[in-house]
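Tertiary structure, described
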Amino acid sequence: EPAEATLLHTRIRQDYRVHMIMDNLPAATKMIRELPDGQTIVMYDRGYPLGFVGSAERQGSVPGGAYLHNHLRFVLKYHKDAAFDGARIVGFEVEPLSVKHKYKGAWSDDASQLQLLTLPVGPDLPPLRVDPKGSAAEREVVYTYDVKWEPSDVKWASRWDLYLYMGDDQIHWFSIINSLAIVLLLTGIVAMIMMRTLRRDVSRYNSPEDKDDLAEESGWKLVHADVFRPPQQPILLSASLGTGMQLLAMAVVSIGCAMLGFLSPANRGGLLTATLLTFMLMGVPAGYCASHTYKALKGTEWKLVTVLTATLYPGAIAATLFVLNFFIWGQQSSGAIPFGTMVVLLLMWFGVSVPLVFAGAFFGFKAKLKDPPCRTNEIPRQVPEQAWYMVGAFNVLMGGILPFGAIFIELFFI
């Protein structure tokens, strides 16, 4: 159909790739890259391109035209081991080709009666051009494939090494470590300066003999007696800290399990499942942190802060996810979350996470508070009106955009 041909033409120009899975292994395309010193190395990329744009270097193609890869050559690599009866698949490569197939007589869905005139398929055959304005015969697409079996020395336990070291991921990992090191270094420098300054000042502020010297102080030191004053929204602050502790505990446990080898890449979706399950189980530290903080802020509505800790941020994310999933359903995408899965997530949320948050909140309110390092004045100090770049929203944005940008950009390229 013209609409389908137009869609294919657009996706080819947008460099779309096709991903396949066989025996739980993603498809990989072999590439040979030439280094500046003249040496060649073999590299792999996930999936295969939907097509290519014609150029003068492509034999039989028109420059600027879109060509579809309609023939796939599957190269299946297997390994035989004396400890295993039979052979195991350790590699799944795809060699895409574009071929303008021709057949004798009328088209038949029965492969035994169809006589293709373009066999065997090779790179010397004319490619298949996708032209939305062409005739019905020119828009006809015949998909074919062939399978090639190759023995391999790669063992079953090492068959995922190919996917873990594809392309320039090593360079990106180095960039990520470099960005994290910079962020940690800057954070450590600021923390060290603050600790050395506060250690000296806290003792002086608590000393009654130095009351007269406080008038000479300026800047943030003037509000040292208001640091531990309860904020305007103690419930929102406590719920945010509780959810943050839940996310931190989830990340630590998930990364620890992955480092210990409990989450194999061969188990598709295992990391996501483990992350969601860990988030549900980390409701105890979330409730404990939120309730203990709220108690330190002299709050009394412990039921409200516990409910908000369990439902505020998870509820906002879940509502956004469900709304977006409805749009994905409308597009009939295979990436949509099934309705049964959403029901299971809701049951885990209200049946596991919420009760654990209440359990953690119970122990948090029962825990004994520590004495604050400095006293709090009964009358709050008046803060003069600040410039636009000194308001809270701008400071929060500038304080988090640098580390977030450094890490997000590198993760985006991987």
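Above this note sits the structure.
These remarks concern the structure in this document. (Residues numbered from 1 in each chain as written. Predicted model: local features only at pLDDT ≥ 70, side-chain atom pairs only at ≥ 80, totals over all residues. Heavy atoms only, no water.)

Turning our eyes to something else, we now look at the overall build of the protein chain. Secondary structure summary: the protein chain contains 9 helices and 13 strands in total. The buried share of the protein chain, reckoned over its 414 residues, is 29%. For the protein chain, long-range pairs separated by at least 24 residues make up 69% of all intrachain contacts whose partners lie at least 6 apart in sequence. Taken as a whole, the protein chain presents about 27800 Å² of accessible surface, with 64% of it coming from carbon and sulfur. (Helix = DSSP H or I, 4+ residues; strand = E, 2+ residues; numbered from the N terminus. Buried < 20%, exposed > 50% of the residue type's maximum accessible area, 1.4 Å probe, protein only. Contact = heavy atoms within 4.5 Å. Areas by Shrake-Rupley, 256 points an atom, 1.4 Å probe, with all protein chains shown as cover.)

Following both chains from N to C, one finds helix H6 (residues 283–296) and helix H8 (residues 339–366) inclined at 40°, their axes separated by 6 Å at the closest point. Judged on the interaxial angle alone, H8 and H6 are oblique. Every pair of crossing elements has a handedness; the one defined by H6 and H8 is right-handed. The residues of H8 that touch H6, namely those facing Gly283, Val284, Gly287, Tyr288, Ser291, His292, Tyr294 and Lys295, are Ser353, Leu356, Val357, Gly360, Ala361, Phe363, Gly364, Phe365 and Lys366. (Axes fitted to C-alpha atoms, helices over the stretch in contact; angles between N-to-C directions. Parallel < 35°, antiparallel > 145°, perpendicular 65-115°, else oblique. Left-handed = near helix turned anticlockwise from the far one by under 90°.)

Let us look at a nonpolar patch on the surface. Taken together, the side chains of Ile182, Leu185, Leu186, Ile189 and Ile193 make up a nonpolar region of the molecular surface, amounting to roughly 470 Å² of accessible area. Locating isoleucine 182 in the fold gives a position in helix H3 (residues 169–205). (Patch = residues over 30% accessible without salt bridge, like charges linked within 9 Å, V, L, I, M, F, W, Y side chains within 5 Å. Salt bridge = Lys/Arg side-chain N within 4 Å of Asp/Glu carboxyl O.)

An ideal rise of 1.5 Å per residue puts 38 Å on 26 residues; helix H4 (residues 234–259) measures up with 37 Å between its terminal C-alpha atoms. Every buried residue of H4 is listed here: Pro234, Ile235, Ser238, Ala239, Gly242, Thr243, Gln246, Ala249, Met250 and Ser254. Buried positions along H4 lie against helix H5 (270–281), H6, helix H7 (302–330) and H8. Residue glycine 261 follows H4 closely and has a positive phi angle near 90°. (Expected span 1.5 Å × (residues − 1).)

Cis geometry marks the peptide bond from leucine 119 to proline 120; its omega dihedral reads -5°. Within the secondary structure, proline 120 sits in the loop between strand S12 (115–116) and strand S13 (144–151). Its identity is not glycine, yet asparagine 24 carries a phi of approximately 70°, on the positive side. Mapped onto the elements, asparagine 24 comes out in the loop between strand S2 (21–22) and strand S3 (25–26). On the basis of relative accessible area, asparagine 24 is assigned to the partly exposed category, the value being 27%. For lysine 298, which is not a glycine, the phi torsion comes out positive at approximately 60°. Examined against the element boundaries, lysine 298 turns out to sit in the loop between H6 and H7.

Another aspect to go through is the pairing of strand S5 (residues 40–46). Pairing geometry for strand S4 (residues 28–34) and S5, over 7 bridges, is antiparallel. Bridge pairing links methionine 31 to methionine 43 in S5. Where S4 folds back onto S5 in an antiparallel hairpin, the turn is made up of 5 residues, including glycine 38, whose phi is positive at roughly 95°. (Pairing = 2+ DSSP bridges.)

What follows is about the side chain of serine 238. Mapping serine 238 onto the fold places it in helix H4. Apart from the residues within four sequence positions on either side, serine 238 is in contact with Ala290, Thr293, Tyr294, Leu297, Val305 and Thr309.

So, on to H7. If you check H7, its first and last C-alpha atoms are 42 Å apart, about what 29 residues at 1.5 Å a residue would give, namely 42 Å. At leucine 308, H7 shows its maximal bend, which comes to roughly 35°. By the burial criterion, the buried members of H7 are Val305, Thr306, Thr309, Ala310, Pro314, Gly315, Ala318, Phe322 and Asn325. Lining the buried residues of H7 we find H4, H5, H6 and H8. (Bend = angle between axes of the 7 residues up to and from the residue.)

Turning our attention to the environment of alanine 66. Assignment of secondary structure puts alanine 66 in strand S8 (residues 66–68). Alanine 66 sits in the buried class, given a relative accessible area of 0%. With 62 residues separating them in the primary sequence, alanine 66 and leucine 128 have C-alpha atoms 8.6 Å apart. Apart from residues lying up to four places away in sequence, alanine 66 is in contact with His9, Ile12, Phe52, Leu128, Arg129 and Val130.

Turning to the nonpolar core, a few remarks are in order. One finds Leu25, Leu72, Phe74, Phe92, Val94 and Tyr163 to be the most contacted residues of the largest nonpolar core, which totals 13 residues. Residue assignment for this core shows that the elements contributing at least two residues are strand S9 (71–80) and strand S10 (87–97). Ignoring sequence-local partners within four residues, the contact set of phenylalanine 74 consists of Met20, Phe92, Glu93, Val94, Tyr145, Asp146, Val147 and Lys148. Judged by nonpolar contacts, the second largest core, of 8 residues, contains Met280, Ala318, Met342 and Val357. (Core = buried A, V, L, I, M, F, W, Y, C linked by side-chain atoms within 4.5 Å.)

Right, let's get into the pairing of S10. Taken across its 11 residues, S10 has 8 buried, putting it largely inside the fold. Adjacent in sequence and paired antiparallel, S9 and S10 are bridged by 6 residues, among which glycine 86 carries a positive phi angle near 115°.

Applying the stated rule across the entire model yields 8 aromatic pairs. Each ring, one from phenylalanine 52 and one from tyrosine 67, has its centre 5.3 Å from the other, and the planes form 10°; the classification is stacked. One end of the pair, phenylalanine 52, is in strand S7 (residues 51–53); the other, tyrosine 67, is in strand S8, and 15 residues separate them in sequence. For the pair formed by phenylalanine 52 and tyrosine 67, the shared burial category is buried. Where tryptophan 302 meets phenylalanine 365, the ring centres are 6.2 Å apart and the plane angle is 75°; that geometry is what we call edge-to-face. In this pair, tryptophan 302 sits in helix H7 while phenylalanine 365 sits in helix H8, placing the two residues 63 residues apart along the sequence. Its relative accessible area of 40% is what places tryptophan 302 among the partly exposed residues. Pairwise contacts between aromatic rings join Phe74, Phe92 and Tyr145 into one cluster. Sitting over the face of the ring of phenylalanine 52, arginine 58 holds its NZ or CZ atom 4.1 Å from the ring centroid. (Phe/Tyr/Trp six-rings, centres within 6.5 Å; stacked < 30°, edge-to-face > 60°. Lys NZ or Arg CZ within 6 Å of the ring centre and 35° of its normal.)

Any link to function would need more than the numbers given here.
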